[in-house]
Amino acid sequence: MVKEKKLRTPLIAGNWKMNNTRAAAEALVGGLVPLVKDLVDVEVCVCPPFTALDAARKAIGDSGIQLGAQNVFWEEKGAWTSQISPDMLLDAGCKYAIVGHSETRGRFGTVDETLASRLSYFGETDATINVKAKFMLAKGLIPIVCCGETIDERKTGKTDEVISGQIKACLSGISADEIEKLVIAYEPVWAIGTGEVCETAEANRVCRMIRQTVRESFGADAGNGVRILYGGSMNDKNAEDLLEQSEIDGGLVGGAALKAESFGVICKAASFAAWNFYI
Ligand code: PEP
């Protein structure tokens, strides 16, 4: 049996959304540390709400788990009520921040119109995501840039057009060197929080299409270097299949990141998937 390490180290990022007080964050990270601290060839990250960042950071200790935030603003400081700057997140111990999640774009995988219109107030767009990503990179914070199609867009055959359009607009004006450092998360909107995971081969195909879009816009090194995660109902049962795919470099995990056991299983599957095995 020959083992060969894949080009990119997988990243498993847990998006806790609006869950967990400080005590719950401590308990969750406390349960996760023994499950992941000895894993090799995988980067593990938790993204708590802002209020639990500090508690999570303390519980992370020297385990090697990384910290991420769920949003960020693109100004340094000043009269921006409610906003959080990259410097503040770096100061809180963050390495990453999620931008462009469909819930903050107001594109939600539900037929519940009330919820969809409520979420549209968050109003994130490709243009604001682009400004955020540029400012974060300038500050040394790594963006996890989300993209994804709605069920209507998929059903009408617009998936590739929508996703490649989002990628080009969100990454516009970023240098090829910086693109290599950032993370893209392909999250079909209809798969988020619904239990309806994207079929493995299709998720891999879309991630390949995203990588090709990056290559065409920023060159081969950027396309080969950028990590592309899959997100949308990934769990401890389906993670292995998804993470074994050649173009999927990890996962952005919502519901299954709220239990140490299920998140730990996903991280373990990613560590295993960091290698190609040949007989
Ligand atoms: C997410 O919120 O980014 C996500 C993928 O959620 P879930 O895993 O619950 O579908």
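As a starting point, this report considers the structure included with it. (Residues numbered from 1 in each chain as written. Predicted model: local features only at pLDDT ≥ 70, side-chain atom pairs only at ≥ 80, totals over all residues. Heavy atoms only, no water.)

Describing the overall build of the protein chain
So, point 1. Broken down by element type, the protein chain carries 13 helices and 10 strands.
So, point 2. Here the C-alpha radius of gyration of the protein chain, 18 Å, is about what a compact globule of 279 residues would show, namely 19 Å.
So, point 3. Each principal axis of the C-alpha distribution contributes one length, and for the protein chain these read about 60 × 45 × 40 Å.
So, point 4. Scored against the burial criterion, the 279 residues of the protein chain give a buried share of 51%.
So, point 5. Long-range pairs, those at least 24 residues apart, make up 74% of the contacts in the protein chain with a sequence separation of at least 6.
So, point 6. Counting every atom, the protein chain has about 12,800 Å² of accessible surface; 53% of that belongs to carbon and sulfur. (Helix = DSSP H or I, 4+ residues; strand = E, 2+ residues; numbered from the N terminus. Rg over C-alpha atoms; globule rule 2.2 N^0.38 Å. Buried < 20%, exposed > 50% of the residue type's maximum accessible area, 1.4 Å probe, protein only. Contact = heavy atoms within 4.5 Å. Areas by Shrake-Rupley, 256 points an atom, 1.4 Å probe, with all protein chains shown as cover.)

Some remarks on the packing of helix α1 (residues 22-36) against helix α13 (residues 260-273)
So, point 1. Two elements in contact, α1 and α13, have axes whose closest approach is 9 Å; the angle formed by their N-to-C orientations is 30 degrees. If you check the angle between α1 and α13, you find them roughly parallel. Where α1 crosses over α13, the handedness of that crossing is right-handed. Taken together, the residues of α13 that come into contact with α1 (itself represented by Leu-28, Gly-31, Leu-32, Leu-35 and Val-36) are Ala-260, Glu-261, Phe-263, Gly-264 and Cys-267.
So, point 2. Looking at the contact of α1 with α13, its residues break down into seven nonpolar, two polar and one charged. (Axes fitted to C-alpha atoms, helices over the stretch in contact; angles between N-to-C directions. Parallel < 35°, antiparallel > 145°, perpendicular 65-115°, else oblique. Left-handed = near helix turned anticlockwise from the far one by under 90°. Nonpolar A, V, L, I, M, F, W, Y, C, P; charged D, E, K, R; others polar.)

Things to note about the pairing of strand β4 (residues 66-69)
So, point 1. Note that strand β3 (residues 43-47) and β4 share two bridges and pair parallel. Each residue of the ladder has a partner; that of Val-46, found in β4, is Leu-67.
So, point 2. Once the chain exits β3 it traverses helix α2 (residues 53-60) before rejoining the sheet at β4, and the crossover so formed is right-handed.
So, point 3. Where β4 and strand β5 (residues 96-99) come together, two bridges link them in parallel fashion. (Pairing = 2+ DSSP bridges. Right-handed = clockwise from strand over helix to strand, strands pointing away.)

Concerning the side chain of Gln-245
So, point 1. Of note, Gln-245 is situated in the loop between α12 (239-243) and β9 (250-253).
So, point 2. Other than its neighbours up to four places away in sequence, Gln-245 contacts Lys-6, Thr-200 and Asn-204.

Focus on the sheet that holds strand β2 (residues 11-15)
So, point 1. The strand order around the closed barrel built from eight strands is β2-β3-β4-β5-β6-β7-β8-β9, with neighbouring strands paired in parallel fashion. Here the strands of the sheet are splayed against their neighbours by 25 degrees on average, with no regard to which way each runs.
So, point 2. As judged from the four bridges shared by β2 and β9, these two strands associate in the parallel manner. Its bridge partner being in β9, Ile-12 is matched across the sheet by Gly-251.
So, point 3. Against the sheet, helix α10 (residues 200-218) touches β6 (142-147), β7 (183-186) and β8 (227-231), its axis set at about 145 degrees to β7.

Notes on unusual backbone geometry
So, point 1. Unusually for a residue other than glycine, Lys-17 sits at a positive phi of about 55 degrees.
So, point 2. One can find Lys-17 in the loop between β2 and α1.
So, point 3. For Lys-17, a relative accessible area of 23% gives the class partly exposed.
So, point 4. Residues other than glycine seldom take positive phi values, yet Ser-82 does so here, at roughly 85 degrees.
So, point 5. Tracing the backbone through its elements, the reader meets Ser-82 in the loop between β4 and α3 (86-91).

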